Structure formats: C-alpha cells, structure tokens
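# Secondary and tertiary structure notes
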Amino acid sequence: MTVDPMKTLERLLEVSRGLGDPVEIETYLQSLLSAAAELTESESASLLEYDEAAQEFYFRHVPWFHREAVRSARVPLNESVAGWVFLHVKPLVIDDTAKDKRHYKKIDKLAGFTTKSILAAPLIVNGKPVGVFEVFNKKEKYSERDILVMESLAALAATALQNNMLEKSVFSSQDEARELDRLKNEFIAIASHELRTPLGLILGHATFLKELLGNEYHEQVDSIIRNSSRLKDIIESLTSVDNYETGGALIRSRKVSVSRIIEDVTSSFHDMARKKGIAIKKETPQGNDLWVDVDSGKIAIVLSNLVKNALTFTNEKGQVIIRGEKQPDYVQVAVQDNGLGIPSNDLPRVFDRFYQVESHLTRRHGGMGLGLSVAKVMVEMHGGRIWVESAEGLGSTFTFLLPVISKSSGPETEKAFVE
Ligand code: ADP
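Residues numbered from 1 in each chain as written. Predicted model: local features only at pLDDT ≥ 70, side-chain atom pairs only at ≥ 80, totals over all residues. Heavy atoms only, no water.

## Re the site of the ligand
- Residues in contact with the ligand amount to 19 residues; listed here are only the nearest, Asn309, Asp337, Gln356, Gly369 and Leu372.
- Between the ligand and Gln356 there is a distance of 2.7 Å, counted from an oxygen atom to a side-chain nitrogen or oxygen.
- Separating an oxygen atom of the ligand from a backbone N or O atom of Gly371 is a distance of 3.3 Å.
- With the chains in place, 94% of the 540 Å² that the ligand exposes on its own is no longer accessible. (Near = heavy atom within 4 Å. Polar contact = N/O pair within 3.5 Å; in protein donor to acceptor, adjacent residues only side chain to side chain. Areas by Shrake-Rupley, 256 points an atom, 1.4 Å probe, with all protein chains shown as cover.)

## Things to note about unusual backbone geometry
- The backbone phi angle of Val89 is positive, close to 50 degrees, even though this residue is not glycine.
- Tracing the chain through its elements places Val89 in the loop between helix H4 (81-88) and strand E4 (92-94).
- Residue classification places Val89 among the partly exposed positions, given a relative accessible area of 35%.
- Backbone geometry at Asn126 places phi at a positive 50 degrees, although glycine is not the residue there.
- Within the element layout of this structure, Asn126 appears in the loop between strand E5 (118-125) and strand E6 (128-136). (Helix = DSSP H or I, 4+ residues; strand = E, 2+ residues; numbered from the N terminus. Buried < 20%, exposed > 50% of the residue type's maximum accessible area, 1.4 Å probe, protein only.)

## A short note on the sheet that holds strand E12 (residues 385-391)
- The strand order across the open sheet formed by five strands is E8-E10-E11-E13-E12, and the pairing between neighbours is mixed. Edge positions in the sheet fall to strand E8 (279-283) and E12, since each of these pairs with one other strand and no more. Within the sheet, the average angular offset between the axes of one strand and its neighbour, ignoring direction, is 15 degrees.
- Pairing analysis gives five bridges linking E8 to strand E10 (residues 319-327), with the strands arranged parallel. (Pairing = 2+ DSSP bridges. Axes fitted to C-alpha atoms, helices over the stretch in contact; angles between N-to-C directions.)

## Overview of the sheet that holds strand E2 (residues 56-61)
- Overall, antiparallel pairing links the six strands, which are arranged E3-E2-E1-E6-E5-E4 in an open sheet. Each edge of the sheet is formed by a strand with only one pairing partner; in this case those strands are strand E3 (74-76) and E4. Within this sheet the neighbouring strands show an average axis-to-axis angle of 30 degrees, counted without direction.
- With three bridges joining them, E4 and E5 adopt antiparallel strand pairing.

## Some remarks on the confidence of the model for the chain
- For the chain, the average pLDDT comes to 89, and 94% of its residues sit at 70 or higher.
- Contacts of residues 409-413 to residues separated by more than four positions or lying in other chains number ten contacts, the stretch itself having pLDDT below 50. (pLDDT = per-residue confidence, 0-100. Contact = heavy atoms within 4.5 Å.)

## A few points about the environment of Tyr58
- Along the polypeptide, Tyr58 turns up in strand E2.
- Along the primary structure Tyr58 and Ser72 are separated by 14 residues, whereas in three dimensions their C-alpha atoms are 7.6 Å apart.
- Contacts of Tyr58, omitting those with residues within four sequence positions, involve Leu47, Leu48, Glu49, Asp51, Ala73 and Arg74.

## Concerning the pattern of salt bridges
- A full pass over the atoms with the stated rule returns 25 salt bridges.
- The partner of Asp100 in a salt bridge is Arg102, with the nearest N and O atoms 2.9 Å apart.
- Exposure remark for Asp100: the relative accessible area of 15% places this residue in the buried category.
- A salt bridge links Arg349 to Asp352, with the nearest nitrogen and oxygen atoms 3.1 Å apart. (Salt bridge = Lys/Arg side-chain N within 4 Å of Asp/Glu carboxyl O.)

## A few points about the nonpolar core
- Core analysis: the biggest nonpolar cluster contains 45 residues, and Val258, Leu303, Leu306, Val307, Val335 and Phe400 have the highest contact counts within it.
- In contact with Leu306, other than residues within four places in its own chain, are Val335, Leu372, Ile386, Phe398 and Phe400.
- Counting 30 residues, the second largest nonpolar core, distinct from the first, contains Val3, Leu12, Ala36 and Leu153. (Core = buried A, V, L, I, M, F, W, Y, C linked by side-chain atoms within 4.5 Å.)

## Topic: the packing of helix H2 (residues 25-39) against helix H6 (residues 144-212)
- At their nearest, the axes of H2 and H6 sit 10 Å apart, and the two run at 175 degrees to each other. Classed by the angle they form, the pair H2 and H6 counts as roughly antiparallel. Only Arg145, Asp146, Val149, Met150, Leu153, Leu156, Ala157, Ala160, Leu161 and Asn164 of H6 make contact with H2, whose side of the interface consists of Ile25, Tyr28, Leu29, Leu32, Ala35, Ala36 and Leu39.
- Residue composition of the contact of H2 with H6, by class: 14 nonpolar, one polar and two charged. (Parallel < 35°, antiparallel > 145°, perpendicular 65-115°, else oblique. Nonpolar A, V, L, I, M, F, W, Y, C, P; charged D, E, K, R; others polar.)

## Here we look at the side chain of His103
- Within the secondary structure, His103 sits in the loop between E4 and helix H5 (106-111).
- For His103, a relative accessible area of 9% gives the class buried.
- Ignoring any residue separated from it by four or fewer positions in sequence, one finds His103 in contact with Val81, Thr97, Asp108, Thr115 and Ile118.

## Some thoughts on the domain arrangement of the chain
- The domain boundaries assigned to the chain delineate domain 1 (5-171), domain 2 (176-245) and domain 3 (249-417).
- Spacing between the C-alpha centres of domain 1 and domain 2 amounts to 64 Å. (Domains from an automatic or database assignment.)

## Brief notes about the side chain of Arg353
- By the element assignment, Arg353 lies in the loop between strand E11 (330-337) and helix H11 (371-381).
- Polar side-chain contacts of Arg353 include one of 2.6 Å to the side chain of Asn185.
- Those residues in contact with Arg353 that lie beyond four places of it in its chain are Lys184, Asn185, Ile188, Leu238, Val241, Asp242, Glu245, Gly369, Leu370 and Ser373.

## Focus: the environment of Glu392
- Position of Glu392 relative to the elements: it lies in the loop between E12 and strand E13 (395-403).
- Judged by relative accessible area, Glu392 falls into the exposed class, the value being 57%.
- For the pair formed by Glu392 and Ser16, sequence separation is 376 residues and the distance between their alpha carbons is 46 Å.

## Brief notes about the pairing of E11
- Among the eight residues that make up E11, six are buried, leaving the element largely enclosed by the rest of the structure.
- Pairing geometry for E10 and E11, over eight bridges, is antiparallel. What sits directly across from Arg323, in E11, is Ala334.
- Count of turn residues in the E10/E11 antiparallel hairpin: two residues, of which Asp329 carries a positive phi of about 70 degrees.

Here it is, written out as structure tokens:
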C-alpha cells in the first residue's frame, strides 16, 4: 500500500511552507525526518552532514530515541552508503543491506538497530553535496516515487541548513562589528585623553614664547600655535562624540537667540567665503529673534561645521545661504549650498564618525570626517534632529531643528546628558 499521491503533495507543501516559519532549525529538521519516514513508509530516518576537515559524516539529526547512541558516532566517506551518495551526488537504493558491503554496519550495533534496506539522497547546496538524507526499512521495495519524495525533502533540508549557516555568520559578523566598534571607541577615548595634556602644554608654552621672542620668529611660533589649535579641535570633536555616546556630555542651556548665532557664525566665515569667491548670506525673520533654550556654544559649533562644509564643497561663484525660521515648537536652521552635492549612496552615512565621501587617497579637502558626526550628537543632545537633502552636482541643504523649550529647565541649567 502506498501513500495517496494527493496526501503526499499536501504533506510536501506543508513542510515546504515550514521553511519560511521562524522555527528552530532542529524543530524543522525533525519535521522533515517525520515527513520522510511517513511518506516513504520507512521505519526510521536520519540526516548526515559531511565534515570536510575530518572527511567523515556525523549525524546532524536522528529520531530522539537514537540520539544518545549516535551522538559521537562518525561514518567514513569510503565504505558507506552516505559516502557513495555524497561522491556520486545522486540517490541510492539498497534493497538488502546484508548483500551490499557499502552499508556501514557499525552504526547498527551502536544504535541497536537493524538496517535492512536504505534509500539515501544527497543534500546539495550551491551545486555541491554537503550531506545525505536517509530512510530505512520500508516493508516493500523503495520506488521511483520514494526517490523523488526524498530528493524533494533533501532539497528542503539543504536550504534549511544553508539558511542556518547564513544566519549564524550574520550574527557572528554583527558581534565582531560591535566588538570592533567598542575597541575603536575605547582607543579614541584613551588616545584623546592622553593627547590632551601634552597638547595643552605645547599651546601654553608656544603662546608664552611668542610674547618673549621678537617679530622675526612670530611666523614659526604662529605656525606651532595654529597647528596645535587644530589638533586640539580634532581632539575636542572626538571627545564630544565619545562623551555623548557614554552619557557624559554636558549642556549649559540658557535662553539664546538663534538669529544672533546665525549672524555671528555667518560673519566669522565672511573671509573664507570672499577668498573662495562664494556669496554667503543669511535669511532670518524680521522682528523674531528665534529664541530657544540651548547651549549656544554647542549650537554655534553645529552651524560652523555646516557652513564650513558648505564653503569647502562649493566652487567659485557659488552661493551659501543660512536660513533660520520658526516652526511650531521648533526653530529650524538650514544651510544651503549649490556646490558639489553628495552622491545618493553616501547620504545615509555622512553623519557617521570618520565618514568621508572622497577616499583618503584622492582627497583634495582636509578634514577627518568628524564635523557632521559632532553636529549630529550636539543637535540630538538638545532633543533636536538633523538631516540632509542633496543632489550630486546641484548642491546640498543641511537642516536641523531645535526645540523651543529645552529638555532641561531653569534660566541657566547645566546637566549631564544621558540618553
Ligand atoms: P570633514 O570634516 O572631513 O569634512 P564632515 O563630517 O564634516 O567631515 O563631512 C563628511 C563628508 O560629507 C565630507 O568629507 C564631504 O565629503 C561630505 N559633505 C559634508 N558637507 C557637504 C556639503 N555641503 N557638500 C558636499 N559634501 C559634503
């Protein structure tokens, strides 16, 4: 008596659908083993996976009552049905194992089982065999139909194993990435801390020397001061992102006019704009000072970083507009340029620390890819948000929102920012 063809198809459909269910791999393999035994009317089933390094098979899944017995058992590549199927990459039926020396008899002894007949099908992943799916002891002979059923189930098992492998490698890559990120942050925190003190001394002594030395050495001392100040800014940028991430950043909030910040920052860039032949202008509403409760030093840094980038990445005769406007509950500031723009595939990452659109090797502009990450953390510290719209060759607009009422209270408050 064979299983009704309609029932076979229904059962195959059921296990195929199970492949998409979020079940544990072991549960799914168990359902395949049950389906294999049931549809081929076999006494038992097992799934062997090939161990490339040892050149032998181990039992990936067997019915629970055999599990303990075969847990550490191995099946050799040579002189086994599994080995034959694996090497020939095609199914095999043995009607009488007693008459066929390909059957590896040691396992029977271990499991207390007598194998009389076998149907085995290869598990194939990307055209390569990775294991073997077997059923044992059908009362009648295994038919062509049984072979097809086993090949279908083996295909499902192979896909399940491959999905499991991919899932594991995704998890381990995520773990690795998290660990690398942790190490990177730790390194940055330690390095910035250690650099700060000697740099402070260099700057202090250089400023002192400038006063002592005559005019003839001013150029050299100025160069020391300028470059150490640059290093100091880089360290400040690194630590501000780090402090934010570790919850140690400080905001000194007070009521300030965003119109005023825009005015100050714009005028501090007039020289740079003039030298590059770029028109820079501000647009703020008449009669509205755009009052917000923020740390004005930090918001000035945010705006300066955006304006500096706008000027850096805009060619001669370009234009940069800094716009401030009132929105319900927020003040919105936008820095618009008609410069190089940012390719769409770089856009999601420009706010990442150290991210730069140009590669280091081909870079014409300085910078370390820190300005935007600093701007982002500083805006977010105030409960605001920042984003960019850009089209390559047409220009970019960086916009940020600041809540009118700060998360902190009082006329002047100082608080550590904790996410
Ligand atoms: P950097 O200090 O190296 O400029 P940022 O974090 O400020 O780092 O910016 C990251 C990258 O984003 C820049 O290197 C640049 O490639 C791109 N970028 C930022 N602002 C603009 C802009 N206004 N126009 C075009 N590209 C920009």
